[in-house]
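# Structural description and commentary
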Amino acid sequence: MALAVHLKNHPKFRDELTDEMIELLYLSAPLHDIGQSRCPDHILLKPAGWTSGVSEMQKHTIYGHDALRVTEEKLGKSTFLRLAGEIAYTHQEKWDGSRYPRGLKAEEIPLPAVLMALADVYDALISKRYTKPPMPTMTP
């Protein structure tokens, strides 16, 4: 949410990052990894990282998108669920096109997914993991 608020007055983003969209991002973003619930525990909880099981782990974007799409079909049209599904599906794309699930690059990646990816990386950096201590955060 902080990234979106910071960018909302930038000429490139002001039309897309309305107050309503920022609120939807805030509500939808926590569902970005919902597809991991379908990944087997022996892969998801592996302490040493994902050297094996990578292709299964990559499917979490598809699993999440599909689950949110089915939920929207059952409950009726929902901007919240549609946005959550888009974020779940595309938050692992990389600017150079080298990631999954579709190999999108640069401007092809939806802005909500870019914001989610940035927040996700930041969270990974400052959080303690099996393989690393947390990085200290910088204060202004």
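How each quantity is defined
Residues numbered from 1 in each chain as written. Predicted model: local features only at pLDDT ≥ 70, side-chain atom pairs only at ≥ 80, totals over all residues. Heavy atoms only, no water. Core = buried A, V, L, I, M, F, W, Y, C linked by side-chain atoms within 4.5 Å. Buried < 20%, exposed > 50% of the residue type's maximum accessible area, 1.4 Å probe, protein only. Helix = DSSP H or I, 4+ residues; strand = E, 2+ residues; numbered from the N terminus. Contact = heavy atoms within 4.5 Å. Salt bridge = Lys/Arg side-chain N within 4 Å of Asp/Glu carboxyl O. Phe/Tyr/Trp six-rings, centres within 6.5 Å; stacked < 30°, edge-to-face > 60°. Lys NZ or Arg CZ within 6 Å of the ring centre and 35° of its normal. Arc of directions from axis to C-beta.

Okay, the nonpolar core next. Ranked by size, the top nonpolar core spans 12 residues in total: Ala4, Phe13, Leu17, Met21, Ile22, Leu24, Leu25, Leu83, Ile87, Leu111, Leu115 and Met116. Among the secondary structure elements, those contributing two or more residues to this core are helix H2 (19–28), helix H6 (79–90) and helix H7 (111–126). Here the element with the most residues in this core is H2; it accounts for four residues. Look past the residues within four positions of phenylalanine 13 in its chain and what remains in contact with it is Leu7, Lys8 and Leu111.

Tallying each qualifying case throughout the model produces seven salt bridges. Lysine 8 is the partner of aspartate 19 in a salt bridge, and the nearest nitrogen-oxygen pair spans 2.4 Å. With aspartate 19 in helix H2 and lysine 8 in the loop between helix H1 (2–7) and H2, this residue pair connects regions lying 11 residues apart in the sequence. With a shortest N-O distance of 3.6 Å, arginine 129 and aspartate 123 are connected by a salt bridge. In this structure, a network of salt bridges that share partners links the residues Asp66, Arg69 and Glu73.

Another aspect to go through is the packing of aromatic side chains. One pass over the full model with this rule turns up zero aromatic pairs. Between the NZ or CZ atom of arginine 38 and the centre of the ring of tyrosine 63, over which it lies, the distance is 3.9 Å.

Bringing H2 into the picture now. Within H2, the full set of buried residues consists of Met21, Ile22, Leu24, Leu25 and Ser28. Seen along its axis, H2 keeps its buried residues to an arc of 160°; they face one direction. For H2, the exposed residues set more than 90 degrees away from the buried face come down to Asp19 and Glu20. Buried residues along H2 sit against H1, H6 and H7.

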